[in-house]
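Residue strings, one per chain:
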Amino acid sequence: MVTFTPSVWKAEGDKLNTAADEFYRGAHKVIVAERFTPESKSPIEAAMAAGDKRCYDHWHQLIANGFEALTDIASRMIGTGSDYEATEADATAAAERFW
């Protein structure tokens, strides 16, 4: 069985928040990229715009959803660690109640 320690749970939640931030910053070039907009009625430009749209929308959704999921989990981990730490006198009691 894994030992639940509220302070460790909070610290790992902080690390996950940091990882989410690094992930989001690492994707900055994708986030700020602009869609390709055709400047003429060229079928080549139309094909490029269609391909860009399929890629652009999905990448932005993946990045946003990934960042949101990571920060949501991190927030819950920090909250859980804080709650158990505040209500239990020692880590052993918190671990027993957690499991």
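Criteria and cut-off values
- Residues numbered from 1 in each chain as written.
- Predicted model: local features only at pLDDT ≥ 70, side-chain atom pairs only at ≥ 80, totals over all residues.
- Heavy atoms only, no water.
- Helix = DSSP H or I, 4+ residues; strand = E, 2+ residues; numbered from the N terminus.
- Rg over C-alpha atoms; globule rule 2.2 N^0.38 Å.
- Buried < 20%, exposed > 50% of the residue type's maximum accessible area, 1.4 Å probe, protein only.
- Expected span 1.5 Å × (residues − 1).
- Arc of directions from axis to C-beta.
- Salt bridge = Lys/Arg side-chain N within 4 Å of Asp/Glu carboxyl O.
- Polar contact = N/O pair within 3.5 Å; in protein donor to acceptor, adjacent residues only side chain to side chain.

Caption draft 1: Representation of the overall build of the chain within the structure. Secondary structure assignment for the chain yields 4 helices and 0 strands. In the chain, the order of α-helices and β-strands from amino to carboxyl end is α-α-α-α. In terms of C-alpha radius of gyration, the chain reaches 22 Å, well past the compact-globule figure of 13 Å for 99 residues. Looking at the 99 residues of the chain, the share that counts as buried comes to 15%.

Caption draft 2: Fine view of the environment of Ala69. Along the chain, Ala69 falls in helix H3 (residues 43-87). Sequence separation between Ala69 and Phe36 is 33 residues, and the spatial gap between their C-alpha atoms is 28 Å.

Caption draft 3: Representation of helix H1 (residues 6-26) within the structure. The terminal C-alpha atoms of H1 lie 30 Å apart, and with 21 residues this matches the ideal 30 Å at 1.5 Å per residue to within 8%. Buried residues of H1: Pro6, Gly13 and Ala20, and no others. Taken around the axis of H1, the buried residues stretch over an arc of 25°, which confines them to a single face. Set apart from the buried face of H1 by more than 90 degrees, the exposed residues are Lys15, Glu22, Arg25 and Gly26.

Caption draft 4: Representation of the pattern of salt bridges in the model. Tallied over the full model, the rule gives 4 salt bridges. Between Arg25 and Asp21 there is a salt bridge, with the nearest N and O atoms lying 2.8 Å from each other. Linking Arg25 with Asp21, this pair stays in helix H1, spanning 4 residues, or about one helical turn. Notably, a salt bridge pairs Asp72 with Arg76, separated by 2.8 Å at the nearest N-O pair. With a gap of 4 residues between them, Asp72 and Arg76 both fall in helix H3, about one helical turn apart. Overall, Asp72 belongs to the partly exposed group, its relative accessible area being 39%.

Caption draft 5: Highlighting H3. For H3, with 45 residues, the first-to-last C-alpha span of 66 Å sits near the 66 Å given by 1.5 Å per residue. Buried residues of H3: Ala49, Tyr56, Asp57, Ile63, Ala74, Met77, Gly81 and Tyr84, and no others. Regarding H3, its N-cap is Ser42, as a side-chain oxygen of that residue lies 3.2 Å from the backbone nitrogen of Ile44 further along.

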